[in-house]
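# Working through the structure, step by step
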2 protein chains.
Amino acid sequence: MERLKIVVIGGVAAGPKAAARAKRCDQNAQVTLVEKGEWLSYGGCGLPYFLGAAVKEIKDLMSTSWEAVRSPQFFHEAKDIDVLLGWEALSINRKDKTVKVIDVGTKETKELVYDKLVLATGAEVLVPPIPGLDALGVFQLKNPGHALAMKEYLLNNEVANAIIIGGGLIGLETAEALANWGMEVTIVEMQNQIMPYLLDPELSLAFSTYLEQEDLNILTSTKVQKVLADDDGRVKGVETEQGFIACQVVLVSAGVRPNVKLAQEAGLAVEKGIIVNEYMETSDSDIYACGDCVVCEHIASGNQVYVPLGSTANKQGRIVGTNITGGRENSPGIMGTSIVKMFDWNAGRTGLSERDAKELGYDVVTAFVPGPDKAHFFPGKKLILVKLIADRKTGKLLGAQLIGPGDIARRLDVMVTAITLGATAHQVANLDLAYAPPFSPAMDTLINAANVVKNIIDGKAKNMSFQEFKAKLSDDNVIYIDLRTTEERKAKNIKARNQLHIPFEEIRARSTEIPKDKEIVVFCILSTRAFEAQVILNHLGFSNVSFVDAGIQFWPL
Amino acid sequence: MERLKIVVIGGVAAGPKAAARAKRCDQNAQVTLVEKGEWLSYGGCGLPYFLGAAVKEIKDLMSTSWEAVRSPQFFHEAKDIDVLLGWEALSINRKDKTVKVIDVGTKETKELVYDKLVLATGAEVLVPPIPGLDALGVFQLKNPGHALAMKEYLLNNEVANAIIIGGGLIGLETAEALANWGMEVTIVEMQNQIMPYLLDPELSLAFSTYLEQEDLNILTSTKVQKVLADDDGRVKGVETEQGFIACQVVLVSAGVRPNVKLAQEAGLAVEKGIIVNEYMETSDSDIYACGDCVVCEHIASGNQVYVPLGSTANKQGRIVGTNITGGRENSPGIMGTSIVKMFDWNAGRTGLSERDAKELGYDVVTAFVPGPDKAHFFPGKKLILVKLIADRKTGKLLGAQLIGPGDIARRLDVMVTAITLGATAHQVANLDLAYAPPFSPAMDTLINAANVVKNIIDGKAKNMSFQEFKAKLSDDNVIYIDLRTTEERKAKNIKARNQLHIPFEEIRARSTEIPKDKEIVVFCILSTRAFEAQVILNHLGFSNVSFVDAGIQFWPL
């Protein structure tokens, strides 16, 4: 029997996964894995943690769970996969079904014949056109070589101040790692918020406020204009629109872009990345692509999006491995899920952002619900803030964003699952989620959030955004009612022009103190009481009453 | 406008929720909450934690998140709900739509008129007919009074040994609490495993093995025959089928049964509990029921089941509050989800057990996948073991059970959501779950588990249960192949009659050492290598090869 010849270009995540899965499906296949770099099958997402102290050795990022290093020899012996490490694919001859490869060191070339070709060419760091980026001490963080070089630089130079160009995930995670070395770290983000593609503005702001408390400096709407070096060529600072900032190290983490040159030159369909169908086939049915070089369908929007991520790369690699060996599995697409841990807080999102949803024409409802991640009487409980984005017409959930010190990952993954499967707020509100005091409140905060969505859709609850709440503080025609206890008020003072303090329990008895002709905004710490007060005041004849989204705990006020 | 008269019987969880929701939906409603006990609106699930040290004061279980105690006064002032505390409902007159209630202390009676009546009569502890249960030092744990009495007894008596009758959730949680006092604790369970309604036998066994390492004594298939007291009437021990066990305290936690007397005497439909439709209406459309007194539809089986739980009570209470005030919301039923934390391990389940699924006629596939809860290179990662139960024909997931020290709650809740919404293994395997190294491996252990289900259905993977693995160890016709490294083998020795040690990486080269005419069982620590070895050996002409479910890490071998 003729052996199926498979060539896989790219040896980081999707490529090795596709190769290994192909062998598991067809032990008879002849699989060659080509990687132009010197690093094979590594956990790139772990690099910031190697730069910090969490991951001790770089080989930990390249090992199996039983501590075997995934070397070419390992691939050969354990998986019967031939690895060409340090070989670059130069061109694809689709007619002859060959790939021309070159040994990056010796410049020897050869032709590899394929029946099925897999492009897992990954992405590279997007380097903005800033003068001076060639100074010593300027790094990017894409492969273990980068991480080793940067760590060595930090160990051998006196580095007190670091600049991170770009406030995305890698930038943030590295900022934390460097802050843990004791450096003063400044994140410079071109857009008007950090995590611009991840969090809606108000959650980004709340998260930034926390990060600033942890002593990170954050400059948004700011560009680095120039990197300055000393006489030895070492970086000494950056010029920004906000002035000069001294620093001894710079990380460029302004995003990545897919490596599509090989695909493009071979005449394959490429837009924001390599175009594939649901079976991960490119426009040539003998060539598949997966991982950071492809664009994917966003399940919630139906749009083609570019969201490079190790988890997606692995899932796609598996599907490719199945399909090139005779299987026919589809990839349903992605939900744009992301999560990040920074110091003692977490932030995550899935599905559509509020703006995405509005741009797609939905009549958008948003609910913001803070609450504990365990029973409120259980020690160690921590707060989370859930934002849900829903379609008023159908009650379907479209997106979720969560921040806070508590366990957001669990609620986020429920939302990933629920949105992927088309659930409504009513369905999520009635999920039989796991309950015991060490794990959640009896009514989980996520379930409360889904109920708030329902209350808003049903016209029972009327919420006001934090931005509007803040903007109206000095409005003569608005009365703010502080429902907190006298004790609670000591913690945070809200400067509203017209303010009444009526503890929640007294709201019925003292409603006569409230003018009937004004707009009324009620607030408490987490808006549990404020929603109820709104309902009571509505009943008592006050027609224009709102409560502030999520209360005042999370917002910079 | 005539005010809607609502009477709610039962003031623990579902009742107060129904009452409060009803008021939020109809501020004009006249709501009376009747509770026969002396405790109102408490977190019953927190009682074992009050008995331990986690919850300091009993009032913490009866407070709002802003630390207001939910007293009758609080309900009156904050919610305009009248509470009759210490009043018992004696009978319902459905024709006149009245309830006769009696003051438990003064024996004063009165009639309450209702338009809508809510039965939230809860459950009571099922007390087995064991002689001697009236001894001092024998407790049950259903309300704060019980917990206070038991704690006082423990503080004022020398208690070195405790007996827990019943190995369900409350029994286990209390066992941990008492063990943390330093007592020697023995759990006596009538059935042949602990958590008989929660975990399948092999997972229960693995969990028991862990608990025994934490110095809990566990006696299964054992009944307490008699409780013995000393001359002062204090418990001094129990007689069991396994002999006498000295103890100074006994907890009866052999389950609960729904309080259905009132409903039954009123002629409402009652079976295992009060029967309600999806709108939580009883057989009388003006009487609703919710919480621990009702049976619910199990979403995955369609059967009526009795699973009393605080989270379900709250959700149902909300639906009742909505529906008695003119709304029309359905309760989709429950998934039988449960979770428990014991020392440093967790155990949880949702959906159908393996036996449930078989009894319902499914062609059942089970997959057992252990793995880390964070990236395997990330510090603090912990193991979890996922068991998935699926239907071979459709690939639909039917149930999930998880144990281990790692974060099982997150994966369990994904499965709750996925099974509720009818997802297949392929859909779960491709969920865009939240990924970053501090939260999960790039291929989450749950996603791996869903892929194993697919591999088994597709005939690619052939697994053997732990029970069969163990039973065949002394079988002459079976060859066991240990794929671990020489170093790994030192940790755990497997006593198989015919055993070969071939480290995974050498399996291709050394396959000639393996007899072709025998049944072959391959194993490693977590079966990651074993599955791959099975595929390789199949290709090399060995037809009867299986790997042991989940490897050898979790099983008592």
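Given the structure is predicted, the values throughout are model-derived calculations rather than measurements.

Along chain A, the regular secondary structure elements total 15 helices and 30 strands. Its C-alpha radius of gyration of 27 Å places chain A within 12% of the 24 Å reference for a compact globule of 557 residues. Each of the three principal axes of chain A carries a C-alpha extent, and together these read 90 × 60 × 40 Å. Split into buried and exposed, the 557 residues of chain A put 57% on the buried side.

This part is about the nonpolar core. Ranked by size, the top nonpolar core spans 400 residues in total, and within it Val118 of chain A together with Val118 of chain B carry the most contacts. Not counting residues up to four positions away in its chain, the partners in contact with Val118 of chain B are Ile6, Val8, Ile9, Gly15, Ala18, Tyr288, Cys290, Val320 and Ile324 of chain B.

Another point: the sheet that holds strand 4 (residues 87-93) of chain B. Residues and elements named next belong to chain B. The three strands lie next to each other as 4-5-6, forming an open sheet whose pairing is antiparallel. Looking at the sheet topology across the chains shown, the edges are occupied by strand 4 and strand 6 (109-113). Going across the sheet, the axis of each strand differs from the next one's by a mean of 30°, ignoring polarity. Bridge count for strand 5 (residues 98-103) against strand 6 is five bridges, and the pairing is antiparallel.

The next thing to look at is the environment of Asn217 of chain A. Residue and element names in this part refer to chain A. Relative to the helices and strands, Asn217 resides in strand 12 (residues 217-219). Separated by 53 residues in the primary sequence, Asn217 and Ile164 have C-alpha atoms spaced 10.0 Å apart. Excluding residues within four positions of it along the chain, Asn217 makes contact with Val185, Thr186 and Ile187.

So, about the relation of the copies chain A and chain B. In screw terms, the move from chain A to chain B is a rotation of 180° and a rise of 0.0 Å along the axis, fitting with an RMSD of 0.0 Å. With respect to symmetry, the two chain copies, as superposed, fit the operation of a two-fold axis. The rotation axis passes nearest to the C-alpha of Arg410 of chain A in chain A, at a distance of 2.2 Å. Interface residue correspondence from chain A to chain B reaches 99%, placing this contact among same-surface, isologous pairings.

Turning our attention to the sheet that holds strand 13 (residues 224-229) of chain A. All names here are of chain A. With respect to topology, three strands assemble into an open sheet ordered 13-14-15, the strand pairing being antiparallel. A strand with exactly one partner marks an edge of an open sheet, and here the two such strands are strand 13 and strand 15 (243-246). Averaged over all pairs of adjacent strands, the angle between their axes in this sheet comes to 25°, without regard to strand direction. As defined by bridge partners, strand 14 (residues 235-240) adjoins strand 15 across four bridges and the pair is classed as antiparallel. Of the residues in strand 15, the one forming a bridge with Glu239 is Phe244.

The side chains of a regular strand alternate between both faces of the sheet. Residues and elements named next belong to chain A. The element strand 1 (residues 5-9) is extensively covered by neighbouring structure, given that four of its five residues are classed as buried. Handedness of the crossover is the feature at issue here: the chain leaves strand 1, passes through helix 1 (residues 14-25), returns alongside strand 2 (residues 30-35), and the resulting connection is right-handed. Taken together, the four bridges between strand 1 and strand 7 (residues 116-119) define a ladder with parallel strand orientation. Considered in strand 7, the bridge of Val8 is made with Val118.

Residue and element names in this part refer to chain B. Following both chains from N to C, one finds helix 1 (residues 14-25) and helix 8 (residues 310-323) inclined at 35°, their axes separated by 7 Å at the closest point. Handedness of the crossing formed by helix 1 with helix 8: right-handed. Note on element contacts: helix 8 touches helix 1 through Ala313, Asn314, Gln316, Gly317, Arg318, Val320, Gly321 and Thr322, opposite Ala14, Gly15, Lys17, Ala18, Ala19, Ala20, Arg21, Ala22 and Cys25. Across the contact of helix 1 with helix 8, the residue classes break down as eight nonpolar, six polar and three charged.

Note: most residues except glycine have negative phi, and most peptide bonds are trans. Its identity as a non-glycine residue notwithstanding, Asp80 of chain A has a phi of 55°, on the positive side. Unlike most non-glycine residues, Met280 of chain B shows phi in positive territory, near 70°. Along the polypeptide, Met280 of chain B turns up in the loop between helix 7 (261-265) and strand 18 (287-289). Here Met280 of chain B falls in the buried class, since 29 other C-beta atoms lie within 10 Å of it.

Quick look at the domain arrangement of chain A now. Domain parsing of chain A yields domain 1 (5-123 + 257-323), domain 2 (138-254), domain 3 (344-457) and domain 4 (463-548). Spacing between the C-alpha centres of domain 1 of chain A and domain 3 of chain A amounts to 35 Å.

Time to look at the interface of chain A and chain B. Listed per partner, the contact involves 75 residues of chain A and 74 residues of chain B. For the side of chain A that touches chain B, the secondary structure elements donating two or more residues are helix 3 (72-79), helix 8 (310-323), strand 21 (338-342), helix 10 (408-420) and helix 15 (528-539) of chain A. With nine residues, the top contributor of residues to the side of chain A that touches chain B is helix 10 of chain A. Residue composition of the side of chain A that touches chain B, by class: 42 nonpolar, 19 polar and 14 charged.

Let us now look at the environment of Ser474 of chain B. Residue and element names in this part refer to chain B. With respect to the element layout, Ser474 can be found in the loop between helix 13 (466-471) and strand 27 (478-482). C-beta crowding within 10 Å serves as the criterion here: with 11 such atoms nearby, Ser474 is assigned to the exposed category. Counting along the chain gives 379 residues from Ser474 to Lys95, while the straight-line C-alpha distance between them is 71 Å.

Let us now look at helix 1 of chain B. All names here are of chain B. The end-to-end C-alpha distance of helix 1 is 16 Å, a good match for the 16 Å that twelve residues give at a rise of 1.5 Å each. The buried fraction of helix 1 amounts to twelve of the twelve residues, a majority that puts the element mostly inside the structure. Regarding helix 1, the residues found buried are Ala14, Gly15, Pro16, Lys17, Ala18, Ala19, Ala20, Arg21, Ala22, Lys23, Arg24 and Cys25.

Here the focus is the pairing of strand 2 of chain A. Residue and element names in this part refer to chain A. The buried fraction of strand 2 amounts to five of the six residues, a majority that puts the element mostly inside the structure. Taken together, the five bridges between strand 1 and strand 2 define a ladder with parallel strand orientation. Looking at strand 2, one finds that Ile6 is bridged to Val31. In terms of strand pairing, strand 2 meets strand 3 (residues 81-85) through five bridges, oriented parallel. Within strand 3, the position partnered with Glu35 by the bridge is Leu85.

Residue and element names in this part refer to chain B. Position of Phe368 relative to the elements: it lies in strand 23 (residues 364-372). Phe368 gets classed as buried once you count the C-beta atoms within 10 Å, which come to 24. Between the C-alpha atom of Phe368 and that of Ala449, which follows or precedes it by 81 residues, the distance is 6.8 Å.

Cut-offs applied
Residues numbered from 1 in each chain as written. Chains lettered and ligands numbered in written order. Predicted model: local features only at pLDDT ≥ 70, side-chain atom pairs only at ≥ 80, totals over all residues. Helix = DSSP H or I, 4+ residues; strand = E, 2+ residues; numbered from the N terminus. Rg over C-alpha atoms; globule rule 2.2 N^0.38 Å. Buried ≥ 20, exposed ≤ 12 C-beta atoms within 10 Å, placed from the backbone. Core = buried A, V, L, I, M, F, W, Y, C linked by C-beta atoms within 7 Å. Contact = placed C-beta atoms within 7 Å. Pairing = 2+ DSSP bridges. Axes fitted to C-alpha atoms, helices over the stretch in contact; angles between N-to-C directions. Least-squares fit on C-alpha atoms with pLDDT ≥ 70 in both. Right-handed = clockwise from strand over helix to strand, strands pointing away. Left-handed = near helix turned anticlockwise from the far one by under 90°. Nonpolar A, V, L, I, M, F, W, Y, C, P; charged D, E, K, R; others polar. Domains from an automatic or database assignment. Expected span 1.5 Å × (residues − 1).

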